[in-house]
Structures are given as structure tokens and as C-alpha cells.
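Breakdown of the fold
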Amino acid sequence: MSVAKKEYKRVTTKSLIDMKSRGEKISMLTAYDYTFSKLIDGAGIDVILVGDSASNVMAGHETTLPITLDQMIYHASSVVRGANRALVVVDLPFGSYQSDPKEALRSAIRIMKESGGHAVKLEGGKEIKESIKRILNAGIPVMGHLGLTPQSIYKFGSYTVRAKEDAEAEKLKQDALLLQKMGCFAIVLEKVPAKLAEEVAKSVSIPVIGIGAGSHVDGQVLVLHDVLGMTQGFHPRFLRRYANLYEDINSAVSRYVEDVKNINFPNEEESY
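Residues numbered from 1 in each chain as written. Predicted model: local features only at pLDDT ≥ 70, side-chain atom pairs only at ≥ 80, totals over all residues. Heavy atoms only, no water.

The name given to the chain in an unreviewed UniProt entry is 3-methyl-2-oxobutanoate hydroxymethyltransferase, with Capnocytophaga canis as the source organism. The chain has a UniProt comment under Pathway (unreviewed entry) that states "Cofactor biosynthesis; (R)-pantothenate biosynthesis; (R)-pantoate from 3-methyl-2-oxobutanoate: step 1/2." As stated in UniProt under Function (unreviewed entry), the record for the chain gives "Catalyzes the reversible reaction in which hydroxymethyl group from 5,10-methylenetetrahydrofolate is transferred onto alpha-ketoisovalerate to form ketopantoate." (UniProt positions renumbered as here; feature names shortened; annotations may be inferred.)

What follows is the structure in C-alpha cells.
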């Protein structure tokens, strides 16, 4: 059963909690620049995630680990300038919060002050609680991230589904409750069994946004370039492509090259 969508002049952390309480699903996509931010904001997206996936999508790295805090601030400030309605959440990159709660706070403050973002996202549960506590105590909203945490990829050794075993599933459930108790406003659950994700979503009052976590959570997030079909060779089960821009862009550029070579561009009407 569909739920009537409420119009928000600006989506806030409170808006997302209200959406969960009403049963309205939350839509979330990544963006890394002004142009795409403006496009998806105008299309009605609720949350824009300035993801550390920029390391893969924008810079061509194999993992999310190489991207720096300065680079995240650059991408986030570009996105913020294009978003008039959506809540903008910014990933804290690897190495900026894991080992030192004071460093975590400094990193989060830099993101909020220098980019204008509305919240930060951190990967992990109990093991990073002191960092989360410091950031929350400074009045900075925090979104948690459990399940497959890409910044720990070398620890996991693969991008396979997480929390299939009882022990890991129980830890994930306890971490979700901990994140809520500490004051996080939402949690991303990545690549976990749908039944477990549903159980977690029902156990907390804050929104649970899934990626590869089934439909019985409070919202969904995907990487924009995957949704638009701009990436190739990446075909996880959870991904649905809504366009095929890789072929469209390739075709457009090929036609442009041909027209330039054949002196068909510019024509008289395109000249001064």
C-alpha cells in the first residue's frame, strides 16, 4: 500500500524520522558534483549522499580508501550548492575518525564548516562509539552504516553479503540499537540478508536505509552513476539500472567526432 508523499521545503533529519513514522519510504542517491546534485534534487530525491564512493566513481580507485578529507570537502561543497531541498549527508573518509575521537570531531567540523553539508556518515558500531559520541556532542547529526562497510574491505576480504552467520547478525542488531541510543538519526544497512534488515528496521525508531538489504526497510540508496548506467562491469543483484547513459554518451561523442572530422560541425547557423 502506497503512502501519500508529504512535500518538504527542505528535508531535515526530523523529516526522515517523520517519514518512517508515517510509513513513507525514503529515497537516497549519491552525487559528487553541482550538476548532478541539481538534477536529482529537482527530481525530488530526499537525501543526497556525498559518498566516499567518489574514490571509485570519480577518481578510478579500486577501493574507497584513498580519498582524502580535503577531496570529500570539495565534492560536498559542490553538491551543497546544487541542492535546494534534499538533506546532504557526507561520508567521513577512511582514516579521519577510526583511531582518535578528537580527530573524528575535527574531521566532522571541517566537513560541516567548509562544505555546508547537513550531516556526516560513519561506518561501524561499537568499535567507533567514542568518535560518534564526540561528533554528536558537538551538535553534528550522524548517520550510521552497518553490514558491509567498504572502508573495511581488506579486513573482510570480499564484497560478499555480511551477517549471514548468527554471531555477526547478533552484533549488527546490537550495534543498530547502540547507534539509535547514542543519537544517530538514521542507519545505512549494506548488503545483508533481507530478513535481518527487516528485523533491524522494526527494532529501531530511526530510519534504516538499505542497499542490497531488501525492501522491508525504510528507504533505499544507490550510487547515481550505477542507476544511470554510466558504469560498466558492475552487476550486483541489488542494482537496478534506470538508464543506459554509457551507450548514449558513447554514441553522442562518436557522432560529434565524426561531424568534426567531416566538417559538418559547425555549420553556417552555428557560426558567427
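Time to look at the sheet that holds strand 6 (residues 186–190). The parallel closed barrel is built from eight strands, whose spatial order is 1-2-3-4-5-6-7-8. Sheet twist, expressed as the average angle between the axes of neighbouring strands with direction ignored, equals 25°. When strand 6 meets strand 7 (residues 208–211), the two strands line up parallel, connected through four bridges. The residue bridging glutamate 190 from the neighbouring strand is isoleucine 211, located in strand 7. Packed on one face of the sheet, helix 5 (residues 101–115) meets strand 3 (87–91) and strand 4 (119–121) and runs near 135° to strand 4. (Pairing = 2+ DSSP bridges. Helix = DSSP H or I, 4+ residues; strand = E, 2+ residues; numbered from the N terminus. Axes fitted to C-alpha atoms, helices over the stretch in contact; angles between N-to-C directions. Contact = heavy atoms within 4.5 Å.)

This part takes up the domain arrangement of the chain. Many authors give the size of an interface as the accessible area that is lost as the parts come together. For the chain, the assigned domains are domain 1 (13–241) and domain 2 (244–271). Distance from the C-alpha centre of domain 1 to the C-alpha centre of domain 2: 38 Å. On the side of domain 2, four residues touch domain 1, which itself brings four residues to the contact. Between domain 1 and domain 2, roughly 360 Å² of surface is buried when both sides are summed, and carbon and sulfur atoms account for 67% of that area. Three residues, Leu228, Met230 and Gln232, lead the burial of domain 1 against domain 2; their summed loss comes to 80% of the area buried on that side. Run the count over domain 1 and domain 2 and you get zero salt bridges. Class assignment for the residues of the side of domain 1 that touches domain 2 results in two nonpolar, two polar and no charged. (Domains from an automatic or database assignment. Buried area = accessible area lost by both parts, 1.4 Å probe. Salt bridge = Lys/Arg side-chain N within 4 Å of Asp/Glu carboxyl O. Nonpolar A, V, L, I, M, F, W, Y, C, P; charged D, E, K, R; others polar.)

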